[in-house]
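Tertiary structure, described
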Amino acid sequence: MDIKQLLIIAVKAAVTGGKAIMEVYTSDDFETEIKSDNTPLTRADKLAHQAIMEHLEETGIPVLSEEGRDIPYSERSKWDTLWVVDPLDGTKEFIKQNGEFTVNIALVEKGRPVAGVIYVPAKRDLYFGGESVGSYKIERVGSNSEIPDFDTLAGASSKLPREEPEGFMVVASRSHLSQETQDYIDKLRESHPDLEMVSAGSALKLCLVAEGVAQVYPRFAPTMEWDTAAGHAIALGAGASVVKTDEQTPLTYNKENLLNPHFIVKRETSSENSVL
């Protein structure tokens with residue numbers, strides 16, 4: 001299967017996972033647990049994982065998911081190609097019922113994200129794409145029966161980036177705004193006095209840069225590979241980059257340690273200069 005075929009399978013998996021999430025979201029039956037890393041887990045996480053796996057398993061490509069994170073590196077290191085999945089990114093936002101949670105599915109080849117899907121179940125917004133096919137957004141996506149093939153879906157979508165901010169917009173985490181992130185933003189403000197900041201939850205922050213709503217998303221706080229892989233692929237397809245704080249080295253995936261280094265998502269502009 002080529003990238004377009006795999007992306008459509010991932011889109012259908014994400015939409016199905018999102019439907020499972022919304023069934024829990026509208027029932028208020030959260031049944032929240034606390035995982036070993038002190039993060040919340042709901043029934044929606046589990047149901048979405050099951051729904052997604054039913055689709056991805058047909059590809060024969062191994063899956064690294066937040067809900068199946070215990071696969072030993074001795075096994076994962078043999079995977080040149082894999083899916084990296086977060087069935088419910090933004091569980092805290094889900095529990096707060098603010099709608100800012102996503103389903104993230106990425107295809108990674110030799111450590112590089114080549115395709116990504118991010119679905120926003122509460123709004124039915126869908127972001128998808130990658131560097132080789134471009135990235136897209138479609139609003140109020142329908143059921144899987146209305147997603148026949150990649151070209152049809154892309155033709156009904158908006159190509160990313162969709163817009164260019166009038167000023168200089170920075171997007172930051174709604175739940176994890178660290179002091180280092182604030183210091184970085186303050187430094188940016190020295191060269192961009194018109195800087196404005198918007199907050200968002202989950203992988204939506206990467207989507208806002210890919211979409212052209214914001215130029216920069218600095219992240220100086222912990223994230224895992226499944227938090228960023230799909231957004232990274234979509235950002236690349238929209239002409240943005242996801243790099244370490246040296247502002248040059250891309251993030252890589254399927255590492256032995258699945259914790260990401262701190263990173264910066266940014267759109268290249270002619271006037272942009274490094275602030276580090």
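These numbers were taken from a predicted model, which means no experiment stands behind them.

Let us now look at helix H2 (residues 43-56). The end-to-end C-alpha distance of H2, which contains 14 residues, comes to 20 Å, matching closely the 20 Å that a straight helix rising 1.5 Å per residue would cover. Listed as buried for H2 are Ala44, Asp45, Ala48, His49, Ala51, Ile52, Met53, His55 and Leu56.

The next subject is the pattern of salt bridges. The final tally for this structure, using the stated rule, is 11 salt bridges. Measuring nitrogen to oxygen at the nearest pair gives 3.4 Å for the salt bridge that ties Asp186 to Arg189. Of the two residues, Asp186 and Arg189 both sit in helix H6 (residues 179-191), 3 residues apart, roughly one turn of that helix. Lys266 serves as the salt-bridge partner of Glu247, at 3.0 Å between the closest nitrogen and oxygen. Note that Glu247 is positioned in the loop between strand S13 (240-244) and strand S14 (263-267) and Lys266 in strand S14, a separation of 19 residues in sequence. Residue classification places Glu247 among the buried residues on the basis of a relative accessible area of 10%. Using a relative accessible area of 7% as the deciding quantity, one classes Lys266 as buried. Within this structure, Lys137, Glu139, Arg162 and Glu211 form a network of salt bridges that share partners.

This brings us to the confidence of the model for the protein chain. Mean pLDDT over the protein chain: 90, with 91% of residues reaching 70 or higher. Ignoring residues within four places in sequence, the model shows residues 270-276, a span with pLDDT below 50, making 13 contacts including any to other chains.

Turning next to the packing of helix H1 (residues 3-25) against H2. For the pair H1 and H2, interaxial distance at closest approach is 8 Å and the crossing angle is 155 degrees. For the element pair H1 / H2, the angle class is roughly antiparallel. Considering how the two elements wind past one another, H1 and H2 form a crossing that is right-handed. Contact residues: Ile9, Ala10, Lys12, Ala13, Thr16, Gly17, Ala20, Ile21 and Val24 in H1; Arg43, Ala44, Leu47, Ala48, Ala51, Ile52, His55 and Leu56 in H2.

Turning next to the environment of Asn254. With respect to the helices, strands and loops of the structure, Asn254 is situated in the loop between S13 and S14. Taking the C-alpha atoms as reference points, Asn254 and Asp80, 174 residues apart in sequence, are found 9.1 Å from one another. Here Asn254 is in contact with Leu64, Tyr73, Arg76, Trp79, Leu82 and Glu225, once residues within four sequence places are set aside. At a separation of 2.6 Å, a polar atom in the side chain of Asn254 contacts the side chain of Arg76.

Of all hydrophobic cores here, the largest spans 42 residues; its most connected members are Leu56, Trp83, Ile105, Leu126 and Phe128. The leading source of residues in this core is H1, at 13 residues. The residues contacting Trp83, other than those within four sequence positions of it, are Leu6, Ala10, Leu56, Thr59, Ile61, Pro62, Val63, Leu64, Ile105, Ala106 and Leu107. In this structure, Leu64, Ala200, Leu206 and Ala230 belong to the second largest nonpolar core, which totals 35 residues.

Pairing is mixed across the open sheet formed by 7 strands, whose spatial order is S3-S4-S5-S6-S7-S8-S9. Only two strands of the sheet have a single neighbouring strand rather than two, namely strand S3 (63-65) and strand S9 (158-159). For strand S7 (residues 125-130) and strand S8 (residues 134-138), the ladder comprises 5 bridges, and the chain directions are antiparallel. Paired with Phe128 across the bridge in S8 is Tyr136. Across the sheet, H1 touches strand S4 (81-89), strand S5 (102-109), strand S6 (112-120) and S7, and the angle it forms with S6 is around 35 degrees.

Rules and cut-offs
Residues numbered from 1 in each chain as written. Predicted model: local features only at pLDDT ≥ 70, side-chain atom pairs only at ≥ 80, totals over all residues. Heavy atoms only, no water. Helix = DSSP H or I, 4+ residues; strand = E, 2+ residues; numbered from the N terminus. Expected span 1.5 Å × (residues − 1). Buried < 20%, exposed > 50% of the residue type's maximum accessible area, 1.4 Å probe, protein only. Salt bridge = Lys/Arg side-chain N within 4 Å of Asp/Glu carboxyl O. pLDDT = per-residue confidence, 0-100. Contact = heavy atoms within 4.5 Å. Axes fitted to C-alpha atoms, helices over the stretch in contact; angles between N-to-C directions. Parallel < 35°, antiparallel > 145°, perpendicular 65-115°, else oblique. Left-handed = near helix turned anticlockwise from the far one by under 90°. Polar contact = N/O pair within 3.5 Å; in protein donor to acceptor, adjacent residues only side chain to side chain. Core = buried A, V, L, I, M, F, W, Y, C linked by side-chain atoms within 4.5 Å. Pairing = 2+ DSSP bridges.

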